[in-house]
Amino acid sequence: MATDVSPAEAAAARRETLADLFVVDADVHVHEDPAALAEYADPPWDVGLREIAKVEERYLDLPGVSPRAEYRVPFPGGSNRRQIVTSAQELRAGLDDLHVDQAVLFPDHLLSLAMVRDPAFAATLARSYNRWLHEHWLTEDRSLKGALVIAPQAPAAGAADIRRHAGRGEFVCVYLPAAGLKVLYGHELYDPVYAAAADAGLPVVIHSVEAVYPAFPFQLEQFRTSLAVHALAHPLSMVANLVSMLETGVHVRHPELKIGFMEAGTAWVPFLANRLDKEYVERRREVPLLQERPSRTMRRFFYGTQPIEEPERRADVVALFELFDGENQAMFASDWPHHDFDHPQHVFGLPFSREARRKIMGLNAARFFGLDVSA
């Protein structure tokens with residue numbers, strides 16, 4: 001992937017627009033209503049969800065479902081527009097404005113699922129959400145694809161739900177919530193989930209959210225501002241879980257499993273690859289399952305672009321992608337409709353080669369999620 005674009009290619013790129021590309025948004029969020037989830041929940045959890053639905057909702061903040069520890073003074077800033085989507089029709093209209101052909105849906109409140117205290121309730125939330133998503137979103141619009149939610153507190157239940165939905169093409173991945181996770185995803189505890197996902201041909205995607213929580217690496221209570229917490233929470237959760245998965249050889253124990261990391265940008269990827277390679281040269285006897293440098297394994301993982309880095313020199317993003325083969329492993333993601341979403345035009349406008357742009361904007365995601373490019 002060259003940073004130097006030929007005059008002919010530059011001219012072609014200027015003529016090309018988003019409308020000419022197959023665009024996949026690898027990270028879009030739907031807003032789940034606890035009262036709607038209650039219709040799919042077993043007793044007594046359905047009663048609890050109806051009670052939760054009576055509480056005045058704040059952004060990504062519901063008691064028992066998406067608990068948040070807030071220590072900050074609120075200040076204006078960011079976006080004042082509506083930041084939730086409540087129907088497939090509304091979402092499709094928004095994606096049409098962004099020239100997005102297909103999108104992979106992740107939840108809002110269940111981004112915090114790993115912090116739910118009761119394992120049975122967590123499993124119920126995941127199971128109910130998956131049924132609700134399928135019936136009210138995925139069958140309404142075939143261009144919308146689902147991420148199956150599993151509760152890390154109950155891996156066996158998560159594996160069973162993967163098998164339950166495995167034959168449904170509307171689901172294209174398994175979502176592993178990372179915010180506030182107490183047992184990192186390299187642990188053998190999650191092997192039933194990985195085995196079920198691999199058997200179903202579904203990749204797993206680790207996704208986080210800003211959180212302050214007494215679990216590594218979310219012990220961020222020392223910071224006073226959103227600037228600090230939001231900058232660190234997402235990439236640190238990806239770093240922690242990727243290192244955990246590498247040191248225990250998840251990719252070796254489950255060689256058919258595809259693994260992706262979402263909503264942490266990409267600047268952390270080459271940093272971590274170089275740090276791990278340094279340690280691997282000195283300590284490879286500690287990790288007998290790793291038969292190659294960690295950086296080579298990391299070049300087989302996939303990474304969502306959002307929030308895309310914004311250096312003063314836009315070409316620096318292209319140089320950054322070269323360090324981890326982003327041309328082939330990065331997937332455009334917007335995080336629509338959240339406050340910090342990335343418009344596809346911004347990523348499209350970066351000085352990538354024409355071929356790299358087509359891969360990043362859609363073809364890499366099609367390969368990762370198994371999407372039909374002609375659809």
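Worth saying up front: this structure is predicted, and the values here are computed from it rather than measured.

**Some thoughts on helix H3 (residues 45–52)**
Logical step 1: Among all positions in H3, only Asp 46, Leu 49 and Ile 52 are buried. The buried side chains of H3 occupy one side of the element, clustering within an arc of 120 degrees when seen end-on.
Logical step 2: Here the buried face of H3 lies against helix H2 (34–38) and helix H5 (119–138).

**What about the pattern of salt bridges?**
Logical step 1: Under the counting rule described, the total for this entry stands at 17 salt bridges.
Logical step 2: With a closest N to O distance of 2.8 Å, Arg 300 and Glu 292 form a salt bridge.
Logical step 3: Ionic pairing is found between Arg 313 and Asp 316, a salt bridge with its closest N-O pair at 3.0 Å.
Logical step 4: We classify Arg 313 as exposed; its relative accessible area is 59%.
Logical step 5: If you follow the salt bridges from partner to partner, you end up with Glu 16, Arg 354 and Arg 358 in one network.

**With respect to the packing of helix H6 (residues 155–165) against helix H7 (residues 191–200)**
Logical step 1: Packing of H6 against H7 leaves a shortest axis separation of 8 Å and a crossing angle of 10 degrees. Viewed along their axes, H6 and H7 adopt a mutual orientation that is roughly parallel. Touching Pro 155, Ala 159, Ile 162 and Arg 163 of H6 are Pro 192, Val 193, Ala 196, Ala 197 and Ala 200, all from H7.
Logical step 2: Of the residues that constitute the contact of H6 with H7, the class distribution is 8 nonpolar, no polar and 1 charged.

**Thoughts on the packing of aromatic side chains**
Logical step 1: By the definition in use, this model includes 15 aromatic pairs.
Logical step 2: Relative to Phe 324, the ring of Tyr 303 has its centre 5.6 Å away and its plane inclined at 85 degrees; by these criteria the two rings are edge-to-face. Of this pair, Tyr 303 sits in strand S7 (residues 302–304) while Phe 324 is found in the loop between helix H12 (315–322) and helix H13 (326–329), placing the two residues 21 residues apart along the sequence. Of the two residues, Tyr 303 and Phe 324, neither departs from the other in class, the shared state being buried.
Logical step 3: Taken together, a centroid distance of 5.3 Å and an interplanar angle of 55 degrees make the contact between Phe 321 and Phe 324 tilted. The two residues Phe 321 and Phe 324 agree in class, both being buried.

Conventions we followed
- Residues numbered from 1 in each chain as written.
- Predicted model: local features only at pLDDT ≥ 70, side-chain atom pairs only at ≥ 80, totals over all residues.
- Heavy atoms only, no water.
- Buried < 20%, exposed > 50% of the residue type's maximum accessible area, 1.4 Å probe, protein only.
- Helix = DSSP H or I, 4+ residues; strand = E, 2+ residues; numbered from the N terminus.
- Arc of directions from axis to C-beta.
- Contact = heavy atoms within 4.5 Å.
- Salt bridge = Lys/Arg side-chain N within 4 Å of Asp/Glu carboxyl O.
- Axes fitted to C-alpha atoms, helices over the stretch in contact; angles between N-to-C directions.
- Parallel < 35°, antiparallel > 145°, perpendicular 65-115°, else oblique.
- Nonpolar A, V, L, I, M, F, W, Y, C, P; charged D, E, K, R; others polar.
- Phe/Tyr/Trp six-rings, centres within 6.5 Å; stacked < 30°, edge-to-face > 60°.

No statement about biological role is implied by the geometric values presented.
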